[in-house]
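Residue-level structure breakdown
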Amino acid sequence: MRKPLPIKALFDSDYIDQQVYVAGWLRSARRGKRFSFAVLNDGSCFQSLQIVIDNSRFPAHVLDNLHTGGCIAVEGTVVRSPGREQAIELQAQNITIFGTADPATYPLQKKQHSLEFLRTIAHLRPRTRFFSAVLRIRNTLSYAIHQFFQERGFFYIHTPIITASDCEGAGELFQVTTFDLNDVPKQDGMVDYQQDFFGKPAYLTVSGQLNVETTALALTKVYTFGPTFRAEHSNTPRHLAEFWMVEPEMAFYDLEDTMDLAEEFLKNIIQKVLDNHQDDLAFLSQFNQVDLTERLKRVIQEPYERLPYTEAIAILEASKKNFQFPVKWGIDLKTEHERYLTEEYFKKPVIVYNYPAEVKAFYMRQNDDGKTVAAMDVLFPEVGEIIGGSQREERYERLLQRIQTLGLKIEDYHWYLAIRQYGSAPHSGFGLGLERLVQFCTGMANIRDTIPFPRAYGLLNF
RNA sequence: GCCCUAGUAGCUCAGCGGUUAGAGCGGGUGGCUGUUAACCACCAGGUCGGGGGUUCGAAUCCCUCCUAGGGCGCCA
């Protein structure tokens, strides 16, 4: 099949007076007496291409079927546009109609639709300027994440989607089963999992971290980047039940090395959005009412503030602010505390580290003070925590003791403990929720607008 | 899980006890036009989210359910 030239190419270099073949979806079509105008977009870039159609050269069945939403291919000559709103346009010589769209029923109009409405037509919203811009930026971030780690000698590891137990306590689990739930096999009144697919209970992963640690203690620097599933009943614009998470894990990295890496990582991938998406950012800035270029530059230019938890608490206590959640040593930082630190006190990203052990996960490395663990959170203005990470507890006895203290089952963690028993090494890592970063970079207020088909509590359409 | 707000035409909304429920956009028809979310005229389009109640009378007040959005918690 003949391959169309991406419309992006027409705007990136000079095609004036050249014959080209393009294809895409009509954003609008205006019929005139002598000329018709069609606005064609193929998603390759923010811009659309104006097609100029001399009505006398085309039969009625072509002209009658040019409507918003239709898919066409056009062969024609690129010329400078006499119109003010575009530099170039295409004089059509041949038009192929691939798919019509009945304007009486096609839901998208050539006007701004509410994001709420677009969520109800998730199968069509990639055709909008809003959503295509978000998807392009999401792609750039994903690619930049791989580039960043690949260029630094990290290996991409595929951790399992189905897991045998809640190995982090990171959240509520989705159970996986092939049982007919109307007729579950039972033994002594309890579900007989021996008859289930795996012969035991199975779940969707809430984090690849514990699995990826085993490969860090073999390949030294690794990362996993895949879907994650949490069954929390969270009903907010910041939570999804299915989201994508990046988790690097490095042997011979301590907490400070990890903070260095996290900062370099964020600056690197956000820079790529600035480098490649001026049009998308300008559009999203206008409609999300935030200067995204400014927002992104702000987290790239300056060094992030690094602050032990204990000092963060002291700053919050000294602030005399009337927080909804009172501040005292031992609490986990709430959104309002994070925002005070990043937006009012330091006015830039802040990395808080050495948190009280009680508010952090069992696997984090215990500090010598006996109270805190080597954890760190990168906090961004406006969004709060964007990265959470830690140095892992590599000392077998310490980890075993912690697992026992928290009442976790040792047999569930036998392999996780075993890598501390044989050739253990200091190691660290962090996790980044992709959609939260897409939210930050695009200014989308609702995380459901950062992924093509959002899944959330009570929400599973399409 | 808790709290708040809102569901009226395909979309965005007005109407908030009293005739036959309105506008803009979108759609159809006609006109006009190198147009720019074009423009002008006419036409079609609604069980006012579902159910129950109060009232002479309910889109409007009350109860309840559903759906959507926002705030908080949990978290990434």
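Just so it is clear, the model here is predicted, and its values are computed rather than measured.

1. A few points about the domain arrangement of chain A
By convention, interface size is frequently given as the accessible area that disappears when the constituent parts associate. Taken as a whole, chain A is organised into domain 1 (7–110) and domain 2 (125–449). A straight line from the C-alpha centre of domain 1 to that of domain 2 covers 44 Å. On the domain 2 side, the residues contacting the ten residues of domain 1 number eight residues. Counting the surface lost from both domain 1 and domain 2, the interface buries some 810 Å², and carbon and sulfur atoms represent 55% of this. The largest contributions to the domain 1 side of the interface with domain 2 come from Arg27, Phe46 and Leu108, which together make up 65% of the buried area. Linking domain 1 with domain 2 are zero salt bridges. If you look at where domain 1 meets domain 2, you find five residue pairs in polar contact (both at pLDDT 80 or more). Along the lines of polarity and charge, the residues of the side of domain 1 that touches domain 2 split into five nonpolar, four polar and one charged.

2. Regarding the protein's contact with RNA strand B
In the neighbourhood of RNA strand B, 48 residues make up the surrounding shell, with Arg30, Glu89, Lys111, His239 and Arg436 lying closest. Take His239: an N or O atom from its side chain is 2.6 Å from a base oxygen of RNA strand B. Of all the secondary-structure elements, those providing two or more residues to the surface near RNA strand B are β1 (19–31), β2 (35–41), β3 (49–54), β5 (88–99), α3 (115–120), β13 (242–251) and β17 (384–391). The biggest single contributor to the surface near RNA strand B is α3, with three residues. Split by residue class, the surface near RNA strand B holds 15 nonpolar, 16 polar and 17 charged.

3. Focus on the packing of helix α6 (residues 255–276) against helix α8 (residues 292–301)
Packing of α6 against α8 brings their axes to within 9 Å, and their N-to-C directions diverge by 150°. It follows from the interaxial angle that α6 and α8 lie roughly antiparallel. Note that α6 runs across α8; the crossing there is left-handed. Every residue of α8 that contacts α6 at Lys267, Ile270, Gln271, Val273 and Leu274 is listed here: Thr293, Leu296, Lys297, Val299 and Ile300.

4. Looking at unusual backbone geometry
Residue Asp188 is not a glycine yet carries a positive backbone phi of 55°. Its location among the elements puts Asp188 in the loop between β9 (186–187) and β10 (190–191). Residue Asp188 is classed as exposed on the basis of its relative accessible area of 74%. At Phe462, a position not held by glycine, the phi torsion is positive, near 70°. Take Phe462: it is sitting in the segment after α13 (434–442).

5. Digging into the sheet that holds strand β8 (residues 175–176)
Pairing within the open sheet is antiparallel, and its three strands lie in the order β7-β11-β8. Looking at which strands have only one partner, the edges of the open sheet turn out to be β7 (162–163) and β8. Here β8 pairs with strand β11 (residues 202–204) via two bridges, running antiparallel. Its bridge partner lying in β11, Gln175 is registered against Tyr203.

Rules behind the numbers
Residues numbered from 1 in each chain as written. Chains lettered and ligands numbered in written order. Predicted model: local features only at pLDDT ≥ 70, side-chain atom pairs only at ≥ 80, totals over all residues. Heavy atoms only, no water. Domains from an automatic or database assignment. Contact = heavy atoms within 4.5 Å. Buried area = accessible area lost by both parts, 1.4 Å probe. Salt bridge = Lys/Arg side-chain N within 4 Å of Asp/Glu carboxyl O. Polar contact = N/O pair within 3.5 Å; in protein donor to acceptor, adjacent residues only side chain to side chain. Nonpolar A, V, L, I, M, F, W, Y, C, P; charged D, E, K, R; others polar. Near = heavy atom within 4 Å. Helix = DSSP H or I, 4+ residues; strand = E, 2+ residues; numbered from the N terminus. Axes fitted to C-alpha atoms, helices over the stretch in contact; angles between N-to-C directions. Parallel < 35°, antiparallel > 145°, perpendicular 65-115°, else oblique. Left-handed = near helix turned anticlockwise from the far one by under 90°. Buried < 20%, exposed > 50% of the residue type's maximum accessible area, 1.4 Å probe, protein only. Pairing = 2+ DSSP bridges.

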